[in-house]
Amino acid sequence: MTALLILFGVLVGFGALLITTLLRRGSSRTETADGLLQEQQALRQAHHDRVSFNAAAVHNSVPTASDTYSRRQGRP
């Protein structure tokens, strides 16, 4: 019983630490010119990665029913 209480105490403490870290970090965007340029470059790179690593580009074939591509469009 003591071991179970210790386990729950550690889990609750870890959860509190995560919540504190996320709340302190905040979600404010960058306001300096350098930061904005870095964000724009990251967005361009992410878009390029999404386009170049999709199912058709990687497998050089059309997505099938088992691919996640078809599930994202709402098809069964």
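Owing to the predicted nature of the structure, the values given are computational and were not obtained by experimental measurement.

Reading the values: the criteria
Residue numbering note: each chain is counted from 1, following its sequence as written. A pLDDT threshold of at least 70 governs which residues receive local features in this predicted model, and a stricter bar of 80 or more applies before side-chain atom pairs are shown or counted, although totals over entire chains, interfaces and linings include all residues. Here the side-chain values reflect all heavy atoms present in the structure, with hydrogen atoms and water set aside. Helix numbers and strand numbers start at the N terminus; a helix is a DSSP run of H or I with at least 4 residues, a strand a run of E with at least 2. Three labels apply to residues, based on accessible area from a 1.4 Å probe with only protein chains included: buried if under 20% of the type maximum, exposed if over 50%, partly exposed otherwise in between. Note on areas: Shrake-Rupley, 1.4 Å probe, and residue coverage restricted to the protein chains presented here. Residues forming no salt bridge and having over 30% relative accessible area are the ones grouped into patches, like charges within 9 Å of each other and nonpolar side chains (Val, Leu, Ile, Met, Phe, Trp, Tyr) within 5 Å. Any Lys or Arg side-chain nitrogen found within 4 Å of a carboxyl oxygen on Asp or Glu counts as a salt bridge. Expected span, for any helix, means 1.5 Å times one less than how many residues it has. On a range of 0 to 100, pLDDT expresses the predictor's confidence in each residue.

Draft legend 1. Structural context of the overall build of the chain. Secondary structure summary: the chain contains four helices and zero strands in total. Shown N-terminal to C-terminal, the secondary structure of the chain runs as helices and strands in the order α-α-α-α. Buried positions account for 4% of the 76 residues belonging to the chain. By element, 64% of the accessible surface of the chain is carried by carbon and sulfur atoms, the whole surface being about 7,100 Å².

Draft legend 2. Seen up close, a nonpolar patch on the surface. There is a patch of nonpolar side chains on the surface, built from M1, L4, L5, L7, F8 and L11 and spanning about 660 Å² of accessible area. When you line up the elements, L5 lands in helix α1 (residues 2–25).

Draft legend 3. Representation of α1 within the structure. With 24 residues, α1 should reach 34 Å at 1.5 Å per residue; the first-to-last C-alpha distance of 35 Å fits that figure. Counting buried residues along α1, only zero of its 24 residues qualify, which leaves the element largely exposed.

Draft legend 4. A look at the confidence of the model for the chain. Within the chain, residue pLDDT values average 77, and 63% of them lie at 70 or more. Per-element confidence in the chain is highest for α1, whose mean pLDDT is 92, and lowest for helix α4 (residues 68–72), whose mean pLDDT is 50.

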